[in-house]
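Next come the chains, spelled out residue by residue.
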Amino acid sequence: EPEVTQTPSHQVTQMGQEVILRCVPISNHLYFYWYRQILGQKVEFLVSFYNNEISEKSEIFDDQFSVERPDGSNFTLKIRSTKLEDSAMYFCASRAGSRYKLFFGSGTQLSVL
Amino acid sequence: AQKVTQAQTEISVVEKEDVTLDCVYETRDTTYYLFWYKQPPSGELVFLIRRNSFDEQNEISGRYSWNFQKSTSSFNFTITASQVVDSAVYFCAMKTSYDKVIFGPGTSLSVIP
């Protein structure tokens, strides 16, 4: 079964550094998402992306965050200047057009020191 | 307001017992989707079911069943004859407005052998 792939599985960075989290959505999917989950807490929506534009974003997704689909396969989340509170598991998800079913990647655990 | 509530934070059952996980949602939309996701200890998010607001038929899939009641804004999930492999955090979720899925806080289920 096709799957959403995220790399790296674990990223450690220093506070203030920029990080880029990478995702390869399922190939025929058109809608892309980032979610995050702080340890032991609920899964929080960050942003949705369709047709090379942000469709919707949450209050968490401030100017420090950006998303990009630089080519036909990758979907990236950039955090410009990481903070301690950005430490979380970041999940990428994608879906095809007609059926609202999100497929999630296995996540990138981001640790900001 | 759009909200998903899972009042049960943690549940423990003995193997082979039945268990019901509660989910209550709030929305003013007449069209919406509800979901259940499973997050096993390995951390990935596994899709279990999607239900749209126009389909109140209950669904059974093997040992899993779901009871959707619009009158009480509930979408409960029952596992029959629970097994140790069912131990996980279970999230109820709802698609709101345009293109955003919000998650409940999750219920941690432990199935004891």
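Residues numbered from 1 in each chain as written. Chains lettered and ligands numbered in written order. Predicted model: local features only at pLDDT ≥ 70, side-chain atom pairs only at ≥ 80, totals over all residues. Heavy atoms only, no water.

## Structural notes on the packing of aromatic side chains
All names here are of chain B. Worth spelling out the cut-off: Pairs were defined over the aromatic rings of Phe, Tyr and Trp, the Trp ring being its six-membered one, requiring ring centres within 6.5 Å. Orientation was assigned from the angle between planes: stacked under 30 degrees, edge-to-face over 60, tilted for the rest. Note on exposure labels: buried denotes an accessible area under 20% of the residue type's maximum, exposed denotes more than 50%, and partly exposed covers the range between, all computed with a 1.4 Å probe on protein chains only.
Applying the stated criterion to the full structure yields 26 aromatic pairs over all chains. Centre to centre, the rings of Tyr 25 and Tyr 32 are 5.2 Å apart; their planes meet at 50 degrees, and the pair counts as tilted. Per residue, the accessibility class of Tyr 25 equals that of Tyr 32, and both read buried. Look at Phe 35 and Tyr 37: their rings are 6.3 Å apart centre to centre, the planes differ by 35 degrees, and that puts the pair in the tilted class.

## Focus on the interface of chain A and chain B
Interface size is commonly expressed as the accessible surface area that is lost when the partners come together. Operational definition: Between two residues, a contact is recorded if the distance between any of their heavy atoms is within 4.5 Å. Summed over both partners, the accessible surface that disappears when two parts come together, traced with a 1.4 Å probe, is what is meant by buried area. Definition used for salt bridges: Asp or Glu carboxyl oxygen within 4 Å of a side-chain nitrogen of Lys or Arg. Throughout this description, a polar contact denotes any pair of N or O atoms lying within 3.5 Å of each other; where both atoms belong to protein, one of them has to be capable of donating a hydrogen while the other can accept it, and for residues adjacent in sequence the pair is counted only when both atoms sit in side chains. Only DSSP runs of H or I reaching four residues or more are called helices, and only runs of E reaching two or more are called strands; each is numbered from the N terminus. Only Asp, Glu, Lys and Arg are considered charged, only Ala, Val, Leu, Ile, Met, Phe, Trp, Tyr, Cys and Pro nonpolar, and every remaining residue, Gly among them, polar.
Facing 19 residues of chain A, the contacting portion of chain B comprises 19 residues. Each partner contributes to the roughly 1800 Å² buried at the junction of chain A and chain B, and carbon and sulfur atoms together form 56% of this total. Applying the counting criterion to the chain A and chain B interface returns one salt bridge. A salt bridge links B:Asp99 to A:Arg95; the shortest N-O distance between them is 3.5 Å. Our enumeration of links across chain A and chain B arrives at seven residue pairs in polar contact (both at pLDDT 80 or more). Within the residue set of the side of chain A that touches chain B, elements represented by two or more residues are β4 (31-37), β5 (43-50), β6 (53-57) and β9 (88-95) of chain A. A per-element tally of the side of chain A that touches chain B places β4(A) first, with four residues. Broken down by class, the residue content of the side of chain A that touches chain B amounts to nine nonpolar, five polar and five charged.

## Regarding the state of the cysteines
Let me state the cut-off plainly: Two cysteine sulfurs form what is called a disulfide whenever their separation falls within 2.5 Å.
Enumeration according to the criterion identifies two disulfides over all chains in this entry. Shown here is the disulfide that connects A:Cys23 with A:Cys92, its sulfur atoms set 2.0 Å apart. The S-S bond linking A:Cys23 to A:Cys92 shows a torsion near -65 degrees; that makes this disulfide left-handed. Taken together, the residues A:Cys23 in strand β3 (residues 19-24) and A:Cys92 in strand β9 connect sequence positions 69 residues apart. One exposure class covers both A:Cys23 and A:Cys92, and it is buried. In this model B:Cys23 forms its disulfide with B:Cys92; the gap between the sulfur atoms is 1.9 Å. Its torsion about the S-S bond being -65 degrees, the disulfide of B:Cys23 and B:Cys92 is classed as left-handed. Here the residue B:Cys23 occupies a position in the loop between β3 (19-21) and β4 (24-26), and B:Cys92 occupies one in strand β10 (residues 88-96), the gap between them amounting to 69 residues. Judged on exposure class, the residue B:Cys23 and its partner B:Cys92 are both buried.

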